[in-house]
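Examination of the molecular architecture
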Amino acid sequence: MEKTLIKITILVVIFSVFLRINNKTILNYLIFLGVVYLVSILYILYKMSYKVEIYEDHLYIKNFFASHIVKYQNIKDFFITEGYLQRKFGLHSIYIITKTKNYLLKDLPDAEKIHDDIQIQLNNNNIGIKQG
């Protein structure tokens with residue numbers, strides 16, 4: 001959550017440098033800030049809504065809008081990544097690549113545990129995926 005707010009604030013500051021803000025336009029600028037941060041909060045809530053449940057033969061990925069069952073035998077590859085800001089906040093992203101669709105689970109605080117649990121289930125189901 002903090003990472004996203006920092007990125008948005010940096011963009012707003014950069015954008016604001018080029019605006020001519022005076023007594024006549026201050027209200028419009030405040031409305032702009034309100035809209036930007038409202039949309040940001042909605043995006044953060046959407047990202048926070050991602051949940052992964054690990055079962056013996058499949059993953060269950062759900063968020064506000066959809067849910068997906070990903071069978072282990074359909075997984076072609078999966079890996080974990082972290083960017084500079086993610087590292088600073090202890091977050092990671094997990095990519096799950098299947099035969100039909102790709103899933104990106106961004107900014108998970110417990111992504112390493114989820115990654116390890118998926119790897120254990122893949123090993124238990126005799127599905128070998130090379131980790132690169």
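Our subject is the structure listed above.
The present account deals with the structure reproduced in this document. Small disclaimer: the values here were computed from a predicted structure and weren't measured.

Moving on, we get to the layout of surface pockets. Taken as a whole, the largest pocket spans an internal volume of roughly 310 Å³. Elements with a minimum of two residues in the lining of the largest pocket: α2 (26-48), β1 (51-54) and β6 (102-108).

Ordered in space as β1-β2-β3, the three strands form an open sheet in which the pairing is antiparallel. Only two strands of the sheet have a single neighbouring strand rather than two, namely β1 and β3 (67-71). With direction set aside, neighbouring strand axes in the sheet form an average angle of 20 degrees. Sheet analysis places β1 next to strand β2 (residues 58-62), joined by four bridges and oriented antiparallel. Paired with Lys51 across the two strands is Lys62, which belongs to β2. Sitting on the sheet, helix α4 (residues 111-124) touches β1 and β2, and the angle it makes with β1 is about 30 degrees.

How each quantity is defined
- Residues numbered from 1 in each chain as written.
- Predicted model: local features only at pLDDT ≥ 70, side-chain atom pairs only at ≥ 80, totals over all residues.
- Heavy atoms only, no water.
- 1 Å grid on protein atoms, 1.4 Å probe; cavity = no way out; pocket = protein on both sides within 12 Å on 5 of 7 lines; lining within 4 Å.
- Points joined across faces, edges and corners; volume = space filled by probe spheres on them.
- Helix = DSSP H or I, 4+ residues; strand = E, 2+ residues; numbered from the N terminus.
- Pairing = 2+ DSSP bridges.
- Axes fitted to C-alpha atoms, helices over the stretch in contact; angles between N-to-C directions.
- Contact = heavy atoms within 4.5 Å.

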